[in-house]
Amino acid sequence: MGRGRSTCGQCFELDLPFVKHIELRDVTPSGDAAWTALLTDNGGVAHVKDPKTGSVDKVGVSIFHQLHCLDMIQKEVGRLHREGGQEESSGAESLFHREHYLHCFDYLAQVGGC
């Protein structure tokens, strides 16, 4: 059994073996499909009704945001692999896509700390 300490200072025990999932290491379109299968149709958004006011708020579930980010990164790595490491063409759509996966790196680094 492994023991560890998170950066948040809480102890945890880990008694699960790491299992290699070959399909999640695949940078081809087949691998894209394996990552997409981990995602929810609605992006992990839950609709929560306030019992006092009756208003409904949309709430994102962190694990689905994290999986979405990993999916974006996997697809970008696959694209770079297939295109020989070439950057995407310039333009507004390309800049948005680049900023999106850079956001994913930033987000995952932050949530990984706690």
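Scroll up a little and you will see the structure.
Since the structure is predicted, the reported quantities are computational estimates derived from the model, not experimental observations.

Colleague: Residue-level account of the packing of helix 1 (residues 29–36) against helix 2 (residues 62–82), with values.
Modeller: Where helix 1 contacts helix 2, the axes come no closer than 10 Å and their chain directions differ by 175°. One element, helix 1, and the other, helix 2, form an angle in the roughly antiparallel class. Between helix 1 and helix 2, the residues in contact are P29, G31, D32, W35 and T36 and L70, D71, Q74, K75 and R82, respectively. Tallied by class, residues from the contact of helix 1 with helix 2 come to 3 nonpolar, 3 polar and 4 charged.

Colleague: Go over the pattern of salt bridges, please, and point to the residues and values.
Modeller: Oppositely charged side chains can form a pair if their charged atoms are brought close together. Across all of its chains, the model carries 4 salt bridges by this definition. Note that K75 is salt-bridged to D71, the shortest N-O span being 2.5 Å. Of this pair, K75 and D71 both sit in helix 2, 4 residues apart, which is roughly one turn of that helix. For K75, a relative accessible area of 26% corresponds to the partly exposed category. Here R79 makes a salt bridge to E76, at a shortest N to O gap of 2.7 Å. On the criterion of helical spacing, the pair formed by R79 and E76 is a turn pair, its members being 3 residues apart in helix 2. On the accessibility criterion, R79 (12% relative accessible area) is buried. Overlapping salt bridges, with partners in common, bring together E76, R79 and E83 in one network.

Conventions we followed
Residues numbered from 1 in each chain as written. Predicted model: local features only at pLDDT ≥ 70, side-chain atom pairs only at ≥ 80, totals over all residues. Heavy atoms only, no water. Axes fitted to C-alpha atoms, helices over the stretch in contact; angles between N-to-C directions. Helix = DSSP H or I, 4+ residues; strand = E, 2+ residues; numbered from the N terminus. Parallel < 35°, antiparallel > 145°, perpendicular 65-115°, else oblique. Contact = heavy atoms within 4.5 Å. Nonpolar A, V, L, I, M, F, W, Y, C, P; charged D, E, K, R; others polar. Salt bridge = Lys/Arg side-chain N within 4 Å of Asp/Glu carboxyl O. Buried < 20%, exposed > 50% of the residue type's maximum accessible area, 1.4 Å probe, protein only.

Geometric values such as these leave the question of function open.
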